[in-house]
Amino acid sequence: MDLHLSGKRAIVAGGSKGIGLAIARGLAAEGVDVAILARTESTVVDVARDLASEFGVRAVGIATDTRDDDAVQASVRRVVEEFGGVDILVNSAATPFSAGRSFDLEATSDDVVRGELDVKVLGYLRTARAVAPYLIDQGWGRIINISGLGARQATSIAHTIRNVSVSALTKNLADELGPKGINVTVVHPGVTRTERLTARIARESEESGRSPAQVEEGIATNSIHRIIDAEEVADVVTFLASPRSIAITGDAVAVGGGVPGPVYY
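As a starting point, this report considers the structure included with it. (Residues numbered from 1 in each chain as written. Predicted model: local features only at pLDDT ≥ 70, side-chain atom pairs only at ≥ 80, totals over all residues. Heavy atoms only, no water.)

1. Concerning the overall build of the protein chain
The helix and strand inventory of the protein chain stands at eight helices and nine strands. Against the globule reference of 18 Å for 265 residues, the protein chain gives a C-alpha radius of gyration of 18 Å, in line with a compact fold. Across its three principal directions, the C-alpha atoms of the protein chain cover 55 × 40 × 35 Å. For the protein chain, the proportion of its 265 residues judged to be buried stands at 47%. Counted over contacts in the protein chain with a minimum sequence separation of 6, partners at least 24 positions apart contribute 74%. Surface exposure of the protein chain reaches about 12,500 Å², of which carbon and sulfur atoms provide 51%. (Helix = DSSP H or I, 4+ residues; strand = E, 2+ residues; numbered from the N terminus. Rg over C-alpha atoms; globule rule 2.2 N^0.38 Å. Buried < 20%, exposed > 50% of the residue type's maximum accessible area, 1.4 Å probe, protein only. Contact = heavy atoms within 4.5 Å. Areas by Shrake-Rupley, 256 points an atom, 1.4 Å probe, with all protein chains shown as cover.)

This is how it looks when you write it as structure tokens:
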């Protein structure tokens, strides 16, 4: 299937590693010019150089902290100047929740929740607010927000709140921007094979004496009993970024290999 993406221009916020990097690579493989936004300048520059070399597209890396609205606005303006416009925004810039976060009520301080909202919810809002005028002017665009299956599970207060909030943001944007030719969707990955998960499996294998395959078996509790690769999440996002996805907007697409038991409708 030709996704009609060649020549489109994308911003991938959080595209320097993990799922975001896989998405950037998936778009570049379809001929999309890609701008990578992330906080570490040396990393984004290296990633952009590699994308341009491997896929023959235009690529730029811009050090950007999405907690800073002025920085976001400046980065988007730079992308538009270099690429001549922007067609696609993928929001994937967020701190992994497993990184030292508190889970119970007593430990969930106001600051913990504020921090999650500032990065993953307000950060997504800032980038969408900066990009939307350009999409509106041209009458076409795609915004894909990467959330997580934590939106459907009460795993912790802050984790659930941030992911549900991304879904709410997505629906509001979709209804407002749909008449202007812009589709907005949210993608919910589950446990996904990234650099971080690979390191976790190796660590647990060493500590427990189990083989990496045995550790993976304990982690892969989804319907297909297999960990989803970041590239497989990227395949879905790449389709949603394309003109072929016109029938999907304001909705959530789960890409975790299925959740056993519950019926979602």
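Having seen the model, we can carry on.
2. Focus: unusual backbone geometry
Trans peptide bonds make up most of the peptide bonds, and negative phi angles are found at most residues other than glycine. Positive phi outside glycine occurs at H4, with the angle close to 55°. With respect to the helices, strands and loops of the structure, H4 is situated in the segment before β1 (9-13). Non-glycine residue H225 carries a positive phi angle of around 55°.

3. Quick look at empty space enclosed by the protein
One pass over the structure, following the stated rule, counts one cavity of 30 Å³ or more. By volume, the largest cavity amounts to about 30 Å³. Lining the largest cavity are R142, I143, I144, N183, V184, T185, L240, S245 and I248. Elements with a contribution of two residues or more to the lining of the largest cavity: β5 (141-146) and β6 (182-189). Tallied by class, residues from the lining of the largest cavity come to five nonpolar, three polar and one charged. (1 Å grid on protein atoms, 1.4 Å probe; cavity = no way out; pocket = protein on both sides within 12 Å on 5 of 7 lines; lining within 4 Å. Points joined across faces, edges and corners; volume = space filled by probe spheres on them. Nonpolar A, V, L, I, M, F, W, Y, C, P; charged D, E, K, R; others polar.)

4. Observations regarding the side chain of K120
Relative to the elements of secondary structure, K120 occurs in helix α4 (residues 110-138). Within the buried core, K120 has no salt-bridge partner, and the shortest N-O distance to an opposite charge, that of E116, equals 7.0 Å. Once residues lying within four places of it in the same chain are set aside, the contact partners of K120 are A93, A94, I146, S147, G148, R162, N163 and V166. (Lys, Arg positive; Asp, Glu negative; His and termini not counted. Salt bridge = Lys/Arg side-chain N within 4 Å of Asp/Glu carboxyl O.)

5. Overview of the sheet that holds strand β9 (residues 252-255)
Spatially, seven strands are ordered β3-β2-β1-β4-β5-β6-β9 in an open sheet, and the strand pairing comes out parallel. Of all the strands in the sheet, the pair left with one neighbour each is β3 (59-63) and β9. Neighbour-to-neighbour, the strand axes of this sheet turn through a mean angle of 20°, independent of strand direction. In this sheet, β3 lies alongside strand β2 (residues 33-38) in parallel orientation, the contact comprising five bridges. Of the residues in β3, the one forming a bridge with A35 is V60. Seen against the sheet, helix α2 (residues 41-55) touches β2 and β3 and runs at an angle of roughly 175° to β3. Packed on one face of the sheet, helix α5 (residues 157-177) meets β5 and β6 and runs near 165° to β6. (Pairing = 2+ DSSP bridges. Axes fitted to C-alpha atoms, helices over the stretch in contact; angles between N-to-C directions.)

6. Remarks on the pairing of β6
Two faces make up the sheet, and in a regular strand the side chains alternate between them. β6 sits mainly inside the fold: eight of its eight residues count as buried. Side-chain alternation along β6 places I182, V184, V186 and H188 on one buried face and N183, T185, V187 and P189 on a second face that is also buried. Direction of pairing for β5 relative to β6: parallel, over a ladder of six bridges. Its bridge partner lying in β6, I144 is registered against T185. Between the parallel elements β5 and β6, the chain passes through α5 in a crossover that is right-handed. Sheet topology places β6 next to β9; four bridges connect them, and they run parallel. The residue bridging V186 from the neighbouring strand is A252, located in β9. (Right-handed = clockwise from strand over helix to strand, strands pointing away.)

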